[in-house]
Amino acid sequence: MCGILGIIGDQPVAPLLLDGLKRLEYRGYDSAGIATLVNGRIDRRRAQGKLTNLAHLLAREPIAGTVGIGHTRWATHGPPSERNAHPHANDRVAVVHNGIIENFRELRHALQESGHAFETQTDTEVIAHLLADELAAGATPEHAMARALAQLEGAFALAVIFAGHHHLMIGARRGSPLAVGYGEDAMYLGSDALGLAPLTSRICYLEEGDWAVLSPAGARIYDAAGDPVDRPVKQTA
Ligand code: GLU
């Protein structure tokens, strides 16, 4: 289980994501990547190995955008490689995931039967396809997320961005920690408080089954049943 960071605000996020991922390096990882929205479309950079490889790639091929997600991966399904590195993306969503989707084989099989072509060997990629299917059928991002979450079994934390939605990022926690950080004109998701530390000291730890809909101005948090809930925001040191 490795590192997740998400940022939604009004400043370029790529350098902040890279810095944040560096602070999560202590957890160990085999590859890393980030995805942002540029003119409403998903852009991403991924690299196998150390974060310096991703940093060099970003220096050569910078990535703009004021909403984005980043990940350090510790492979459980599919060997470490650039192709299997997160974020996993299609033209509708980009997803980062910590943990394991236990029922990914059944989901993958059903998605392939309905015409989805898979690019990676990860358990994670099913989430991107499930969300794309729901969005293609006309669901809002929030409904697509609720429906996808209802189909997933296992232990996971997720962060998702949606093409065409600059002011939206959704996180979910089931069996793997995820926190929401509250900043000035920006909001954050992090798999641990260390990744968020220099960005904000106001943190809300999601509870088991919670998912959070973030804009640059704040967050709405829902429990596993989809009911809105209030969770305490704590001041860290
Ligand atoms: N199961 C996912 C994968 O193998 C996520 C691993 C992680 O937690 O980093 O890609």
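Up top you'll find the structure we're talking about.
Owing to the predicted nature of the structure, the values given are computational and were not obtained by experimental measurement.

Parameters at a glance
- Residues numbered from 1 in each chain as written.
- Predicted model: local features only at pLDDT ≥ 70, side-chain atom pairs only at ≥ 80, totals over all residues.
- Heavy atoms only, no water.
- Core = buried A, V, L, I, M, F, W, Y, C linked by side-chain atoms within 4.5 Å.
- Buried < 20%, exposed > 50% of the residue type's maximum accessible area, 1.4 Å probe, protein only.
- Helix = DSSP H or I, 4+ residues; strand = E, 2+ residues; numbered from the N terminus.
- Contact = heavy atoms within 4.5 Å.
- Axes fitted to C-alpha atoms, helices over the stretch in contact; angles between N-to-C directions.
- Parallel < 35°, antiparallel > 145°, perpendicular 65-115°, else oblique.
- Nonpolar A, V, L, I, M, F, W, Y, C, P; charged D, E, K, R; others polar.
- Phe/Tyr/Trp six-rings, centres within 6.5 Å; stacked < 30°, edge-to-face > 60°.
- Lys NZ or Arg CZ within 6 Å of the ring centre and 35° of its normal.
- 1 Å grid on protein atoms, 1.4 Å probe; cavity = no way out; pocket = protein on both sides within 12 Å on 5 of 7 lines; lining within 4 Å.
- Points joined across faces, edges and corners; volume = space filled by probe spheres on them.
- Near = heavy atom within 4 Å.
- Polar contact = N/O pair within 3.5 Å; in protein donor to acceptor, adjacent residues only side chain to side chain.
- Areas by Shrake-Rupley, 256 points an atom, 1.4 Å probe, with all protein chains shown as cover.
- Sits in = over half its atoms within 2 Å of the grid points.
- Pairing = 2+ DSSP bridges.
- Arc of directions from axis to C-beta.
- Left-handed = near helix turned anticlockwise from the far one by under 90°.

## A look at the nonpolar core
Thought 1: If you look at the biggest cluster of nonpolar residues, it comprises 29 residues, and the most contacted ones within it are L131, M145, L152 and L158.
Thought 2: Those elements that place two or more of their residues in this core are β6 (93-101), α3 (104-113), α4 (125-136), α5 (141-151), β7 (154-162), β8 (169-174) and β12 (211-215).
Thought 3: Considering each element in turn, this core owes the most residues, 6 residues, to α4.
Thought 4: Excluding its chain neighbours within four sequence positions, the residues that come into contact with L152 are I101, N103, L107, I127, L130, L158 and R174.

## Some words on the packing of helix α1 (residues 14-23) against helix α2 (residues 51-60)
Thought 1: The interhelical angle for the contact between α1 and α2, taken along N-to-C directions, is 170°, at an axis separation of 11 Å. Overall, the two elements α1 and α2 adopt an arrangement that is roughly antiparallel. Mapping the contact onto sequence places L18, L21 and K22 in α1 and L51, L54, A55 and L58 in α2.
Thought 2: Residues of the contact of α1 with α2, tallied by class, amount to 6 nonpolar, no polar and 1 charged.

## Here's the deal with the packing of aromatic side chains
Aromatic ring pairs: the centre-centre distance and the angle between the two ring planes describe each pair.
Thought 1: Within this structure, the stated rule accounts for 1 aromatic pair.
Thought 2: The ring of Y29 has K50 lying over it, and the distance from NZ or CZ to the ring centre is 4.6 Å.

## Structural notes on empty space enclosed by the protein
Thought 1: Applying the stated criterion to the full structure yields 1 cavity of 30 Å³ or more.
Thought 2: Counted as a void, the largest cavity has a volume near 120 Å³.
Thought 3: Lining the largest cavity are 16 residues, and of these W74, T76, H86, H97 and G99 sit closest to its centre.
Thought 4: Elements supplying a minimum of two residues to the lining of the largest cavity: β4 (67-73) and β6.

## Structural notes on the site of the ligand
Thought 1: Of all residues adjacent to the ligand, which total 15 residues, the nearest are R73, T76, H86, G99 and D123.
Thought 2: Measuring from an oxygen atom of the ligand, one finds a backbone N or O atom of C2 at 3.4 Å.
Thought 3: Taking H77, its main chain carries an N or O atom lying 3.2 Å from an oxygen atom of the ligand.
Thought 4: Expressed as a share of its isolated accessible area of 300 Å², the protein-covered part of the ligand is 100%.
Thought 5: Applying the majority rule of atoms within 2 Å of the grid points places the ligand in the largest cavity.
Thought 6: Those elements giving two or more residues to the shell around the ligand turn out to be β4 and β6.
Thought 7: Broken down by class, the residue content of the shell around the ligand amounts to 4 nonpolar, 9 polar and 2 charged.

## Here's the deal with the sheet that holds strand β1 (residues 3-8)
Thought 1: The 8 strands lie next to each other as β3-β2-β4-β1-β10-β9-β11-β15, forming an open sheet whose pairing is antiparallel. Looking at the sheet topology across the chains shown, the edges are occupied by β3 (41-48) and β15 (234-235).
Thought 2: As defined by bridge partners, β1 adjoins strand β10 (residues 187-190) across 4 bridges and the pair is classed as antiparallel. Bridge pairing in β10 links I8 to M187.
Thought 3: Sheet strands in contact with α1 are β1, β2 (31-38) and β4, and its direction is about 155° off that of β1.
Thought 4: Along the sheet face, α2 touches β2, β3 and β4 and points at about 135° away from the line of β3.

## A look at α1
Thought 1: Listing the buried residues of α1 in full gives A14, L17, L18, G20 and L21. Along α1, the residues classed as buried sweep out an arc of 165° about the axis, all on the same side.

## Notes on the packing of α4 against α5
Thought 1: Two numbers describe how α4 lies on α5: the axes approach to 9 Å, and their chain directions differ by 135°. The angle between the axes of α4 and α5 places the two elements in the oblique class. When you trace α4 past α5, the crossing you get is right-handed. In this structure, α4 uses L130, L131, E134 and L135 to contact α5, whose residues at the interface are P141, A144, M145, R147, A148 and Q151.
Thought 2: Grouping the amino acids of the contact of α4 with α5 by side-chain chemistry returns 7 nonpolar, 1 polar and 2 charged.

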